[in-house]
Amino acid sequence: GFRCGIVGLPNVGKSTLFNALTETAAAQAANYPFCTIEPNVGNVAVPDARLNQLAEIASSQKIVETQLAFVDIAGLVRGASKGEGLGNQFLGNIREVDAIVHVLRCFEDGDVTHVEGKVDPIADAETVETELMLSDLESLEKRVPNLGKKAAQGDKEAKVAASVLGQALDLLREGKPARLTKPKDEEEARAFAQAQLLTSKPVLYVCNVDEGDAANGNALSARVFEKAKAEGAEAVVVSAAIEAEIATMPPEERGEFLSELGLEETGLARVITAGYKLLHLLTFFTVGPKEARAWTVHVGAKAPQAAGEIHTDFERGFIRAETIAFADYVALKGEAGAREAGKLRQEGKEYVVQDGDVMLFRFNV
Ligand code: GDP
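Residues numbered from 1 in each chain as written. Predicted model: local features only at pLDDT ≥ 70, side-chain atom pairs only at ≥ 80, totals over all residues.

Caption draft 1: Examining the overall build of the chain more closely. Counting its regular elements, the chain contains 14 helices and 12 strands. For a compact globule of 365 residues, the expected C-alpha radius of gyration is about 21 Å, and the chain comes in at 23 Å, within 12% of that figure. Across its three principal axes, the chain shows a C-alpha extent of roughly 65 × 65 × 35 Å. When each of the 365 residues of the chain is scored for burial, the buried share is 41%. Long-range pairs, those at least 24 residues apart, make up 68% of the contacts in the chain between residues at least 6 apart in sequence. (Helix = DSSP H or I, 4+ residues; strand = E, 2+ residues; numbered from the N terminus. Rg over C-alpha atoms; globule rule 2.2 N^0.38 Å. Buried ≥ 20, exposed ≤ 12 C-beta atoms within 10 Å, placed from the backbone. Contact = placed C-beta atoms within 7 Å.)

What follows is the structure, encoded as C-alpha coordinates:
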(Lines give C-alpha, C1' and ligand atoms only; values in the text may rest on other atoms or scores of the structure.)
Protein backbone atom coordinates (compact mmCIF):
# COMPACT_ATOMS: atom_id res chain seq x y z
CA GLY A 1 0.00 0.00 0.00
CA PHE A 2 0.90 3.69 -0.21
CA ARG A 3 1.98 5.50 2.92
CA CYS A 4 1.99 9.13 4.02
CA GLY A 5 4.06 10.05 7.06
CA ILE A 6 2.72 12.79 9.34
CA VAL A 7 5.61 14.91 10.60
CA GLY A 8 6.10 18.26 12.34
CA LEU A 9 7.53 19.80 15.48
CA PRO A 10 6.04 18.75 18.83
CA ASN A 11 2.69 20.31 19.83
CA VAL A 12 1.59 21.38 16.37
CA GLY A 13 -1.40 19.00 16.32
CA LYS A 14 -0.03 15.87 14.62
CA SER A 15 -1.58 13.39 17.03
CA THR A 16 -4.88 15.23 17.04
CA LEU A 17 -4.92 15.06 13.26
CA PHE A 18 -3.82 11.44 13.17
CA ASN A 19 -6.50 10.45 15.67
CA ALA A 20 -9.10 12.21 13.63
CA LEU A 21 -7.78 10.58 10.49
CA THR A 22 -8.00 7.12 11.87
CA GLU A 23 -10.93 7.74 14.21
CA THR A 24 -9.11 5.91 16.92
CA ALA A 25 -7.50 6.97 20.13
CA ALA A 26 -4.38 4.99 19.32
CA ALA A 27 -2.15 8.02 19.57
CA GLN A 28 -2.86 10.08 22.66
CA ALA A 29 -2.95 13.82 22.07
CA ALA A 30 -1.59 15.77 25.02
CA ASN A 31 0.07 19.08 25.66
CA TYR A 32 3.43 17.41 26.01
CA PRO A 33 6.33 17.03 23.57
CA PHE A 34 7.27 13.45 22.55
CA CYS A 35 3.80 12.21 23.29
CA THR A 36 3.75 10.05 20.21
CA ILE A 37 6.66 7.70 20.71
CA GLU A 38 5.91 4.73 18.49
CA PRO A 39 4.96 5.26 14.90
CA ASN A 40 1.28 4.56 14.56
CA VAL A 41 -0.14 3.45 11.30
CA GLY A 42 -3.74 4.00 10.30
CA ASN A 43 -5.53 3.03 7.12
CA VAL A 44 -7.93 5.62 5.86
CA ALA A 45 -10.68 5.22 3.26
CA VAL A 46 -10.24 7.57 0.30
CA PRO A 47 -13.51 9.43 -0.22
CA ASP A 48 -14.70 9.26 -3.82
CA ALA A 49 -18.21 10.32 -4.84
CA ARG A 50 -17.87 8.40 -8.10
CA LEU A 51 -17.93 5.13 -6.21
CA ASN A 52 -21.41 5.86 -4.82
CA GLN A 53 -22.66 6.76 -8.30
CA LEU A 54 -21.39 3.49 -9.73
CA ALA A 55 -22.84 1.47 -6.88
CA GLU A 56 -26.23 3.06 -7.41
CA ILE A 57 -26.28 2.30 -11.14
CA ALA A 58 -25.22 -1.32 -10.60
CA SER A 59 -27.34 -1.75 -7.44
CA SER A 60 -24.23 -3.02 -5.68
CA GLN A 61 -24.86 -4.39 -2.21
CA LYS A 62 -21.59 -3.12 -0.83
CA ILE A 63 -19.17 -0.24 -1.35
CA VAL A 64 -15.47 -0.70 -0.70
CA GLU A 65 -13.28 2.38 -0.82
CA THR A 66 -9.62 2.30 -1.61
CA GLN A 67 -7.27 3.05 1.27
CA LEU A 68 -4.27 5.15 2.03
CA ALA A 69 -2.06 4.56 5.06
CA PHE A 70 -1.06 7.38 7.40
CA VAL A 71 1.85 7.01 9.78
CA ASP A 72 2.11 9.27 12.83
CA ILE A 73 5.84 9.78 13.17
CA ALA A 74 7.39 10.49 16.56
CA GLY A 75 8.39 14.05 17.48
CA LEU A 76 11.16 15.89 15.72
CA VAL A 77 13.10 18.70 17.35
CA ARG A 78 15.93 20.93 16.26
CA GLY A 79 19.09 18.79 16.23
CA ALA A 80 17.36 15.53 15.27
CA SER A 81 19.94 14.89 12.55
CA LYS A 82 22.53 14.89 15.36
CA GLY A 83 20.44 12.46 17.41
CA GLU A 84 18.53 15.00 19.55
CA GLY A 85 15.07 14.07 20.80
CA LEU A 86 13.94 10.97 18.98
CA GLY A 87 16.15 11.99 16.07
CA ASN A 88 17.41 8.82 14.53
CA GLN A 89 14.21 6.88 15.00
CA PHE A 90 12.26 9.75 13.48
CA LEU A 91 14.47 9.93 10.43
CA GLY A 92 14.34 6.16 9.92
CA ASN A 93 10.56 6.22 9.98
CA ILE A 94 10.42 8.97 7.37
CA ARG A 95 12.64 6.93 5.08
CA GLU A 96 9.90 4.30 4.84
CA VAL A 97 7.03 6.52 3.70
CA ASP A 98 6.13 7.56 0.15
CA ALA A 99 5.12 11.13 0.95
CA ILE A 100 5.38 13.59 3.82
CA VAL A 101 2.39 15.29 5.41
CA HIS A 102 4.00 18.19 7.25
CA VAL A 103 1.75 19.65 9.94
CA LEU A 104 2.39 23.31 10.77
CA ARG A 105 0.98 25.15 13.74
CA CYS A 106 -1.03 28.12 12.48
CA PHE A 107 -3.07 28.60 15.66
CA GLU A 108 -2.32 30.89 18.60
CA ASP A 109 -3.07 29.39 21.99
CA GLY A 110 -1.29 30.55 25.13
CA ASP A 111 -2.16 27.29 26.87
CA VAL A 112 -0.36 25.14 24.32
CA THR A 113 3.42 25.34 24.60
CA HIS A 114 5.32 26.02 21.42
CA VAL A 115 8.69 24.26 21.51
CA GLU A 116 10.41 27.12 19.70
CA GLY A 117 8.79 29.79 21.84
CA LYS A 118 6.60 31.47 19.22
CA VAL A 119 4.09 30.60 16.52
CA ASP A 120 5.83 30.87 13.16
CA PRO A 121 4.94 28.12 10.67
CA ILE A 122 7.54 29.19 8.10
CA ALA A 123 10.35 29.04 10.66
CA ASP A 124 8.99 25.68 11.89
CA ALA A 125 8.90 24.30 8.38
CA GLU A 126 12.48 25.40 7.86
CA THR A 127 13.59 23.82 11.13
CA VAL A 128 12.16 20.48 10.07
CA GLU A 129 13.41 20.72 6.50
CA THR A 130 16.90 21.66 7.72
CA GLU A 131 17.08 18.53 9.86
CA LEU A 132 16.02 16.42 6.90
CA MET A 133 18.57 18.11 4.63
CA LEU A 134 21.36 17.66 7.18
CA SER A 135 20.53 13.99 7.47
CA ASP A 136 20.58 13.52 3.68
CA LEU A 137 23.79 15.54 3.43
CA GLU A 138 25.51 13.42 6.05
CA SER A 139 24.49 10.15 4.43
CA LEU A 140 25.50 11.28 0.91
CA GLU A 141 28.85 12.60 2.06
CA LYS A 142 29.65 8.99 2.97
CA ARG A 143 27.89 7.26 0.09
CA VAL A 144 28.93 9.33 -2.91
CA PRO A 145 32.72 8.87 -2.47
CA ASN A 146 32.17 5.10 -1.96
CA LEU A 147 30.08 4.92 -5.12
CA GLY A 148 32.77 6.90 -6.92
CA LYS A 149 35.39 4.31 -5.94
CA LYS A 150 33.22 1.43 -7.16
CA ALA A 151 32.45 3.28 -10.38
CA ALA A 152 36.20 3.74 -10.99
CA GLN A 153 36.57 -0.06 -10.66
CA GLY A 154 34.05 -0.50 -13.49
CA ASP A 155 30.81 -1.01 -11.51
CA LYS A 156 28.17 0.35 -13.91
CA GLU A 157 25.34 0.58 -11.38
CA ALA A 158 27.59 2.50 -9.01
CA LYS A 159 28.49 4.87 -11.81
CA VAL A 160 24.83 5.71 -12.43
CA ALA A 161 24.15 6.17 -8.71
CA ALA A 162 27.31 8.24 -8.21
CA SER A 163 26.27 10.62 -10.96
CA VAL A 164 22.70 11.24 -9.80
CA LEU A 165 23.49 11.23 -6.08
CA GLY A 166 26.45 13.51 -6.73
CA GLN A 167 23.98 16.00 -8.17
CA ALA A 168 21.79 15.63 -5.08
CA LEU A 169 24.83 16.16 -2.86
CA ASP A 170 25.69 19.41 -4.66
CA LEU A 171 22.14 20.67 -4.10
CA LEU A 172 22.20 19.76 -0.40
CA ARG A 173 25.51 21.55 0.02
CA GLU A 174 23.79 24.66 -1.33
CA GLY A 175 21.04 24.19 1.27
CA LYS A 176 18.49 22.89 -1.23
CA PRO A 177 16.35 19.74 -0.94
CA ALA A 178 17.26 16.64 -2.95
CA ARG A 179 13.89 16.70 -4.73
CA LEU A 180 15.28 19.38 -7.08
CA THR A 181 17.61 16.72 -8.55
CA LYS A 182 17.00 16.06 -12.25
CA PRO A 183 17.85 12.45 -13.16
CA LYS A 184 18.91 12.36 -16.82
CA ASP A 185 17.31 9.00 -17.70
CA GLU A 186 15.26 6.10 -16.31
CA GLU A 187 18.30 4.37 -14.82
CA GLU A 188 19.25 7.47 -12.87
CA ALA A 189 15.66 7.97 -11.79
CA ARG A 190 15.61 4.44 -10.41
CA ALA A 191 18.91 4.87 -8.56
CA PHE A 192 17.64 8.15 -7.13
CA ALA A 193 14.38 6.60 -5.92
CA GLN A 194 16.27 3.67 -4.37
CA ALA A 195 18.40 6.07 -2.33
CA GLN A 196 15.19 7.03 -0.42
CA LEU A 197 16.49 10.46 0.49
CA LEU A 198 14.31 12.22 3.04
CA THR A 199 14.17 15.48 1.09
CA SER A 200 13.29 13.72 -2.17
CA LYS A 201 9.80 12.87 -0.96
CA PRO A 202 6.82 14.96 -2.01
CA VAL A 203 5.42 17.26 0.71
CA LEU A 204 1.92 18.30 1.70
CA TYR A 205 1.75 21.15 4.21
CA VAL A 206 -1.20 20.94 6.56
CA CYS A 207 -1.91 24.31 8.19
CA ASN A 208 -3.52 23.55 11.53
CA VAL A 209 -5.75 26.55 12.36
CA ASP A 210 -8.30 27.41 15.04
CA GLU A 211 -11.99 26.66 14.50
CA GLY A 212 -12.83 30.20 13.38
CA ASP A 213 -10.21 30.10 10.61
CA ALA A 214 -11.10 26.65 9.30
CA ALA A 215 -13.10 27.94 6.32
CA ASN A 216 -10.74 30.61 5.00
CA GLY A 217 -7.42 30.13 6.76
CA ASN A 218 -5.52 33.03 8.34
CA ALA A 219 -2.44 35.20 7.78
CA LEU A 220 -0.14 32.40 8.93
CA SER A 221 -1.64 29.78 6.63
CA ALA A 222 -1.52 32.26 3.74
CA ARG A 223 2.26 32.42 4.16
CA VAL A 224 2.46 28.63 4.11
CA PHE A 225 0.46 28.57 0.86
CA GLU A 226 2.95 31.00 -0.68
CA LYS A 227 5.83 28.81 0.40
CA ALA A 228 4.14 25.68 -0.97
CA LYS A 229 3.49 27.36 -4.30
CA ALA A 230 7.12 28.42 -4.64
CA GLU A 231 8.24 24.83 -3.97
CA GLY A 232 5.69 23.04 -6.12
CA ALA A 233 4.30 21.45 -2.96
CA GLU A 234 0.65 21.13 -1.89
CA ALA A 235 -1.00 22.83 1.08
CA VAL A 236 -4.36 22.54 2.84
CA VAL A 237 -6.03 24.31 5.76
CA VAL A 238 -7.39 22.09 8.49
CA SER A 239 -8.51 22.58 12.07
CA ALA A 240 -7.33 19.40 13.76
CA ALA A 241 -9.54 20.23 16.74
CA ILE A 242 -12.67 20.38 14.56
CA GLU A 243 -11.68 17.22 12.76
CA ALA A 244 -11.28 15.43 16.05
CA GLU A 245 -14.79 16.54 17.01
CA ILE A 246 -16.26 15.43 13.69
CA ALA A 247 -14.60 12.05 14.01
CA THR A 248 -16.67 11.32 17.11
CA MET A 249 -19.98 12.38 15.49
CA PRO A 250 -22.47 10.07 13.83
CA PRO A 251 -22.00 10.46 10.05
CA GLU A 252 -25.53 11.85 9.53
CA GLU A 253 -24.78 14.85 11.77
CA ARG A 254 -21.49 15.77 10.14
CA GLY A 255 -22.90 17.58 7.12
CA GLU A 256 -24.85 20.11 9.17
CA PHE A 257 -21.96 20.71 11.57
CA LEU A 258 -19.65 21.37 8.63
CA SER A 259 -22.00 23.78 6.88
CA GLU A 260 -22.46 25.74 10.12
CA LEU A 261 -18.70 26.29 10.04
CA GLY A 262 -18.80 27.27 6.37
CA LEU A 263 -17.11 24.06 5.26
CA GLU A 264 -18.07 21.92 2.28
CA GLU A 265 -16.13 18.83 3.23
CA THR A 266 -14.04 17.64 6.12
CA GLY A 267 -10.41 18.68 6.33
CA LEU A 268 -9.70 14.99 6.40
CA ALA A 269 -11.20 14.59 2.96
CA ARG A 270 -8.95 17.41 1.74
CA VAL A 271 -5.85 15.89 3.34
CA ILE A 272 -6.59 12.47 1.88
CA THR A 273 -7.34 13.84 -1.59
CA ALA A 274 -4.18 15.95 -1.55
CA GLY A 275 -2.15 12.98 -0.28
CA TYR A 276 -3.46 10.93 -3.15
CA LYS A 277 -2.53 13.60 -5.67
CA LEU A 278 0.88 13.99 -4.09
CA LEU A 279 1.61 10.30 -4.57
CA HIS A 280 0.57 10.40 -8.26
CA LEU A 281 -2.06 7.78 -7.71
CA LEU A 282 -5.21 7.10 -9.65
CA THR A 283 -8.33 5.11 -8.99
CA PHE A 284 -9.98 2.46 -11.09
CA PHE A 285 -13.17 0.61 -10.22
CA THR A 286 -14.63 -2.86 -10.30
CA VAL A 287 -18.41 -2.81 -10.26
CA GLY A 288 -20.93 -5.61 -9.87
CA PRO A 289 -24.12 -6.51 -8.00
CA LYS A 290 -22.12 -7.75 -5.00
CA GLU A 291 -19.82 -4.77 -4.60
CA ALA A 292 -18.56 -1.58 -6.14
CA ARG A 293 -14.94 -1.19 -5.26
CA ALA A 294 -12.20 1.38 -5.79
CA TRP A 295 -8.57 0.37 -6.32
CA THR A 296 -5.35 2.32 -6.41
CA VAL A 297 -2.44 2.24 -8.87
CA HIS A 298 0.36 4.61 -9.81
CA VAL A 299 -0.29 6.96 -12.72
CA GLY A 300 1.16 5.14 -15.75
CA ALA A 301 0.31 1.61 -14.56
CA LYS A 302 -0.71 -0.85 -17.26
CA ALA A 303 -3.75 -3.15 -17.22
CA PRO A 304 -1.96 -6.29 -15.90
CA GLN A 305 -0.56 -4.31 -12.95
CA ALA A 306 -4.06 -3.08 -12.14
CA ALA A 307 -5.25 -6.70 -12.30
CA GLY A 308 -2.44 -7.61 -9.90
CA GLU A 309 -3.81 -5.19 -7.29
CA ILE A 310 -6.86 -7.43 -7.07
CA HIS A 311 -5.08 -10.77 -7.20
CA THR A 312 -1.62 -11.93 -8.29
CA ASP A 313 -3.33 -14.67 -10.39
CA PHE A 314 -5.17 -11.97 -12.33
CA GLU A 315 -1.83 -10.43 -13.26
CA ARG A 316 -0.08 -13.70 -14.09
CA GLY A 317 -2.91 -15.05 -16.23
CA PHE A 318 -3.96 -11.69 -17.67
CA ILE A 319 -5.70 -11.96 -21.05
CA ARG A 320 -7.53 -8.66 -21.44
CA ALA A 321 -9.44 -5.98 -19.57
CA GLU A 322 -12.97 -5.02 -20.53
CA THR A 323 -12.90 -1.31 -19.83
CA ILE A 324 -15.52 1.42 -19.64
CA ALA A 325 -14.61 5.05 -18.94
CA PHE A 326 -16.37 6.41 -15.83
CA ALA A 327 -18.28 9.08 -17.80
CA ASP A 328 -19.53 6.49 -20.31
CA TYR A 329 -20.59 4.11 -17.54
CA VAL A 330 -22.68 6.86 -15.95
CA ALA A 331 -24.08 8.34 -19.18
CA LEU A 332 -25.06 4.92 -20.54
CA LYS A 333 -26.37 3.73 -17.17
CA GLY A 334 -24.09 0.78 -16.71
CA GLU A 335 -22.31 -2.07 -18.39
CA ALA A 336 -25.12 -3.25 -20.69
CA GLY A 337 -25.76 0.24 -22.04
CA ALA A 338 -22.05 0.85 -22.53
CA ARG A 339 -21.66 -2.45 -24.35
CA GLU A 340 -24.56 -1.66 -26.71
CA ALA A 341 -23.16 1.78 -27.45
CA GLY A 342 -19.76 0.28 -28.27
CA LYS A 343 -18.15 1.96 -25.25
CA LEU A 344 -16.93 -1.23 -23.64
CA ARG A 345 -13.36 -1.52 -24.87
CA GLN A 346 -11.24 -4.67 -25.04
CA GLU A 347 -7.85 -3.59 -23.75
CA GLY A 348 -4.63 -5.62 -23.81
CA LYS A 349 -1.37 -5.83 -21.83
CA GLU A 350 -0.07 -2.45 -22.96
CA TYR A 351 -3.16 -0.46 -21.98
CA VAL A 352 -2.34 2.42 -19.61
CA VAL A 353 -5.06 2.60 -16.96
CA GLN A 354 -6.98 5.90 -16.84
CA ASP A 355 -8.41 7.47 -13.70
CA GLY A 356 -12.04 6.38 -13.31
CA ASP A 357 -11.85 3.31 -15.56
CA VAL A 358 -14.40 0.64 -14.73
CA MET A 359 -12.59 -2.62 -15.40
CA LEU A 360 -13.35 -6.31 -15.66
CA PHE A 361 -10.34 -8.59 -16.05
CA ARG A 362 -10.31 -11.73 -18.17
CA PHE A 363 -7.58 -14.15 -17.15
CA ASN A 364 -6.37 -17.77 -17.29
CA VAL A 365 -5.83 -19.66 -14.07
P1 GDP B 1 1.71 16.83 18.42
O2 GDP B 1 2.74 16.90 19.49
O3 GDP B 1 2.12 17.57 17.20
O4 GDP B 1 1.24 15.45 18.11
O5 GDP B 1 0.46 17.70 18.94
P6 GDP B 1 -0.93 17.24 19.61
O7 GDP B 1 -1.86 16.74 18.57
O8 GDP B 1 -0.63 16.36 20.76
O9 GDP B 1 -1.47 18.66 20.07
C10 GDP B 1 -0.79 19.41 21.04
C11 GDP B 1 -1.77 20.27 21.80
O12 GDP B 1 -2.33 21.26 20.91
C13 GDP B 1 -2.94 19.50 22.35
O14 GDP B 1 -3.23 20.03 23.62
C15 GDP B 1 -4.08 19.80 21.38
O16 GDP B 1 -5.34 19.75 22.01
C17 GDP B 1 -3.73 21.21 20.94
N18 GDP B 1 -4.27 21.49 19.60
C19 GDP B 1 -4.17 20.72 18.49
N20 GDP B 1 -4.78 21.32 17.44
C21 GDP B 1 -5.27 22.50 17.90
C22 GDP B 1 -6.02 23.58 17.31
O23 GDP B 1 -6.38 23.55 16.11
N24 GDP B 1 -6.32 24.64 18.12
C25 GDP B 1 -5.95 24.69 19.42
N26 GDP B 1 -6.27 25.76 20.16
N27 GDP B 1 -5.27 23.70 20.02
C28 GDP B 1 -4.94 22.61 19.28
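Caption draft 2: Spatial organisation of the confidence of the model for the chain. Per-chain confidence: the chain averages 88 in pLDDT, with 92% of residues scoring 70 or above. Here helix H3 (residues 87-95) stands out as the element of the chain with the lowest mean pLDDT, 76, in contrast to helix H13 (residues 326-331), whose mean of 98 is the highest. Throughout residues 24-37 the model reports pLDDT below 50, and contacts reaching past four residues in sequence, or to other chains, amount to 34 contacts. Two summary scores accompany this predicted model of the complex, namely pTM at 0.83 and ipTM at 0.95. (pLDDT = per-residue confidence, 0-100.)

Caption draft 3: Region of the structure containing the pairing of strand S10 (residues 318-324). Bridge count between S10 and strand S12 (residues 358-363): six bridges; the pairing is antiparallel. Paired with Arg 320 across the two strands is Arg 362, which belongs to S12. The pairing of S10 with strand S11 (residues 345-347) spans three bridges and is antiparallel. Its bridge partner lying in S11, Thr 323 is registered against Arg 345. (Pairing = 2+ DSSP bridges.)

Caption draft 4: Structural view of the UniProt feature "domain: TGS" (unreviewed entry) in the chain. Residues annotated in UniProt with the feature "domain: TGS" (unreviewed entry) correspond here to residues 280-363. Counting secondary structure, residues 280-363 comes out at 30% helix and 37% strand; the distance between its end C-alpha atoms is 27 Å. (UniProt positions renumbered as here; feature names shortened; annotations may be inferred.)

Caption draft 5: Seen up close, the packing of helix H4 (residues 121-152) against helix H7 (residues 219-231). Between H4 and H7, the least distance of the axes is 9 Å, while the angle of their chain directions is 45°. Relative to H7, the element H4 is oriented oblique. Contact residues: H4 offers Pro 121, Ile 122 and Ala 125, while H7 offers Leu 220, Arg 223, Val 224 and Lys 227. Looking at the contact of H4 with H7 residue by residue, the classes come out as five nonpolar, no polar and two charged. (Axes fitted to C-alpha atoms, helices over the stretch in contact; angles between N-to-C directions. Parallel < 35°, antiparallel > 145°, perpendicular 65-115°, else oblique. Nonpolar A, V, L, I, M, F, W, Y, C, P; charged D, E, K, R; others polar.)

Caption draft 6: Molecular detail of the sheet that holds strand S6 (residues 203-208). Reading across from one edge, S2-S4-S1-S5-S6-S7 is the order of the six strands in this open sheet, with mixed pairing throughout. The sheet is open, and its two edges are formed by strand S2 (40-45) and strand S7 (234-238), each paired on a single side. Strand after strand, the sheet turns through a mean of 25° between neighbouring axes, direction not considered. Pairing geometry for strand S5 (residues 99-105) and S6, over six bridges, is parallel. In the strand pairing of S6, Val 101 is matched with Leu 204. Lying over the sheet, helix H10 (residues 267-278) contacts strand S1 (3-7), S2, strand S4 (67-72), S5, S6 and S7, oriented at roughly 170° with respect to S7.

Caption draft 7: Summary view of the nonpolar core. Counting 98 residues, the largest nonpolar core has Leu 204, Tyr 205, Val 206 and Cys 207 as the members making the most contacts within it. Take this core: its biggest share by element is nine residues, from helix H5 (residues 156-173). Among residues more than four places away in sequence, those in contact with Val 206 are Leu 17, Val 101, His 102, Val 103, Leu 104, Val 236, Val 238 and Val 271. (Core = buried A, V, L, I, M, F, W, Y, C linked by C-beta atoms within 7 Å.)

Caption draft 8: Layout of unusual backbone geometry. Phi is positive for Asn 11, which is not a glycine, with a value near 70°. Inspection of the secondary structure puts Asn 11 in the loop between S1 and helix H1 (14-22). Residue Lys 333 is not a glycine yet carries a positive backbone phi of 55°. The exposure class of Lys 333 is exposed, given the 11 C-beta atoms found within 10 Å.

Caption draft 9: View of the pairing of S7. Among the five residues that make up S7, five are buried, leaving the element largely enclosed by the rest of the structure. Neither face of S7 is left uncovered, since the one carrying Glu 234, Val 236 and Val 238 and the one carrying Ala 235 and Val 237 both have all their residues buried. Where S6 meets S7, five bridges bridge the pair, whose relative direction is parallel. Bridged to Leu 204 within S7 is Glu 234. The handedness of the S6 to S7 crossover, carried by H7, is right-handed. (Right-handed = clockwise from strand over helix to strand, strands pointing away.)

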